[in-house]
Structure formats: C-alpha cells, structure tokens
Amino acid sequence: MAQAAPAAGFLYPGHSAEDDYPRLERILADAGVDVRLPLVHTDIGEDAHRVDALLEMGSAARLAAKVDEVKQHGVQAVVWACTSASFVYGWDGAQRQVRELSATAGLPASSTSFAFAAAVRELGVERVSIAATYPEDVAELFTGFLKAAGAEVVGMRGSGIITAAEVGTWGEAEVLALARGGDHPEAQAVLLPDTALHTAAYLPALEAELGKPILTANQVTVREGLRLLGLPAHCPALGALFTR
C-alpha cells in the first residue's frame, strides 16, 4: 500500500475562502510538492472583525472542539488558519494559544499570525506595509504584533470591513486594489492579513503589479504548515516566499 503524503491540518473559521486550500494544494502538486492540506471548519461564532468577537472566535475551547476531527485526516501538524483571532491576543497571548493547541492535539502547532512573522523573516525583509481588510483599530493590533516580531511597519491601511463573509466575496480586482492601496514606497513587502480573502490564484498578478513580494494570509498559513512538517517547497506560482 502506498504511503499517504505528509499532511498539515488547518482549523479554519467559517467558510469565506476555504477553497484557497485545495487550490494551494493543487498548485503545489503541479510544482512536484506532494502534501495534503486538509481543512476543518471551526465555529466562527459572531462574524465580526471586532476585538471581543475575535477573542471568542480564537478561544481554546473553540479550537479544541475540532482537533479530533482534523486529526482524523492523519495530519502531522496543525495550524490555526486565522490571523485576526490570533494576533488579537498579542504576542504572548498568541504564543499561549498555539501552545494550548499543540498540547490538545499532541502535534506541532502554529497560527497565521506566526506564519506572517516567519514569512517576513524568511524573505529577509525588514520594512513592511499592511493592506488590511479590517477596521483600522483591529489592523493596528496586527501592526503591534509584527513589531513584536521585529518587523518595521512603514505603512498600514485598514478597509473597515466588519465581516469575513463580505471579504470572501472579493475577486481579483478588489484584491489588487487593496494591495495597491496598502503599499508604501519604503516597504520591501506588502502583507494582506485576512484568511477570509481569496488570494491563492492572484499571487503572480499581485507581485507583478507591485514589483515586490506579497504575503497573503492563506499563502503564509500553508507555508507555515510545510515548515512544521519540515517539507521544503519551491513553487514560483505562489510568489517570492516559495522561491526561497
């Protein structure tokens, strides 16, 4: 019997851009990377980019409730595939969140917020800008998280979108406009920090448009899963992050 491909499992809140994950798996397969990326939906609770709602969305109980289900896919690592409901806890709180997830699963664990921090380090850039779908008060919390990770944030723009459901309806034109609006002349990379945003199909266009590396939430989340698996991946179709 053929051995199953290695797998990183993802706990994903709601249903806004979950189809990015099978798309990312197919793009990686086309590049010769044999990996499985099973996704399990967590209970989103109230769909709101608001601090109190995000703290509840990322609570230990909500994540733990789906751990057994994702482990049924034979995963060797698990990632909380949500940016806002991880960085909302701050650097120390987000670390505690993934430690608890790892202990519950008995597997290496991480989250999208730490995936962004790791991706910035991997690119070797120091100055970044943020093009966020969130209201500005929530986007400011991501700014603080990145600063705690050692990055210099030279620009930040929030879009004031409250719900993940609305973000999930955006297409390529809206995503390109978001990235352009959040770019900054001094930024060495632009970060789009919402896993509710479809970006997997647009990465080459985004980097061609801005002429610099683009880091998007679902892209870096999958990269973090591969890192936890110890699996290298060269895949130019997924942007500069996947050519390192």
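Coordinates for the structure precede this section.
So, a few notes on the structure that sits alongside this text. (Residues numbered from 1 in each chain as written. Predicted model: local features only at pLDDT ≥ 70, side-chain atom pairs only at ≥ 80, totals over all residues. Heavy atoms only, no water.)

Right, let's get into the overall build of the chain. Summing up its helical and strand segments, the chain has 12 helices and eight strands in all. For the chain, the C-alpha radius of gyration of 16 Å lies close to 18 Å, the compact-globule estimate for 244 residues. Counting every position in the chain, which comprises 244 residues, the buried fraction comes to 57%. Taking as baseline every contact in the chain between residues at least 6 positions apart, the subset at least 24 positions apart corresponds to 77%. (Helix = DSSP H or I, 4+ residues; strand = E, 2+ residues; numbered from the N terminus. Rg over C-alpha atoms; globule rule 2.2 N^0.38 Å. Buried < 20%, exposed > 50% of the residue type's maximum accessible area, 1.4 Å probe, protein only. Contact = heavy atoms within 4.5 Å.)

Scanning the model with the defined rule gives eight aromatic pairs in all. Between Trp 91 and Phe 114, the ring centres sit 5.0 Å apart and the planes meet at 75°, which makes this aromatic pair edge-to-face. Placement of Trp 91 in helix 6 (residues 90-105) and of Phe 114 in helix 7 (residues 112-123) is noted, with a sequence separation of 23 residues between them. The partly exposed category is assigned to Trp 91, whose relative accessible area is 25%. Residue Phe 114 is classed as buried on the basis of its relative accessible area of 11%. Between Phe 116 and Phe 142 the ring centres are 5.4 Å apart and the planes differ by 70°, which places this aromatic pair in the edge-to-face class. Separated by 26 residues along the polypeptide, Phe 116 in helix 7 and Phe 142 in helix 8 (residues 136-148) bring together distant segments of the chain. Of the two residues examined, Phe 116 and Phe 142, each falls in the buried class. (Phe/Tyr/Trp six-rings, centres within 6.5 Å; stacked < 30°, edge-to-face > 60°.)

Looking at the secondary structure, you find Thr 83 in the loop between strand 3 (77-80) and helix 5 (84-87). Judged by relative accessible area, Thr 83 falls into the buried class, the value being 1%. Within the structure, Thr 83 has its side chain in polar contact with the backbone oxygen of Pro 193 (distance 3.2 Å). Here Thr 83 is in contact with Thr 112, Ser 113, Phe 116, Tyr 134, Phe 142, Pro 193, Asp 194, Thr 195 and Ala 217, once residues within four sequence places are set aside. (Polar contact = N/O pair within 3.5 Å; in protein donor to acceptor, adjacent residues only side chain to side chain.)

Turning our attention to a nonpolar patch on the surface. Judged by side-chain polarity, Val 51, Leu 55 and Leu 141 come together as a nonpolar surface patch covering roughly 190 Å² of accessible area. Among the secondary structure elements, Leu 55 is positioned in helix 2 (residues 51-57). (Patch = residues over 30% accessible without salt bridge, like charges linked within 9 Å, V, L, I, M, F, W, Y side chains within 5 Å. Areas by Shrake-Rupley, 256 points an atom, 1.4 Å probe, with all protein chains shown as cover. Salt bridge = Lys/Arg side-chain N within 4 Å of Asp/Glu carboxyl O.)

Here we take up empty space enclosed by the protein. In total, this model carries one cavity of 30 Å³ or more according to the counting rule given. Around the largest cavity, the lining is made up of 15 residues, and of these Pro 13, His 49, Cys 82, Ala 164 and Asp 194 lie nearest the centre. Residue assignment for the lining of the largest cavity shows that the elements contributing at least two residues are strand 1 (8-13) and helix 2. Taken together, the residues of the lining of the largest cavity sort by class into nine nonpolar, four polar and two charged. (1 Å grid on protein atoms, 1.4 Å probe; cavity = no way out; pocket = protein on both sides within 12 Å on 5 of 7 lines; lining within 4 Å. Points joined across faces, edges and corners; volume = space filled by probe spheres on them. Nonpolar A, V, L, I, M, F, W, Y, C, P; charged D, E, K, R; others polar.)

Across five bridges, strand 5 (residues 127-131) lies against strand 6 (residues 152-157) in parallel orientation. Bridge pairing in strand 6 links Arg 127 to Glu 152. Crossover handedness for the path strand 5 to helix 8 to strand 6: right-handed. (Pairing = 2+ DSSP bridges. Right-handed = clockwise from strand over helix to strand, strands pointing away.)

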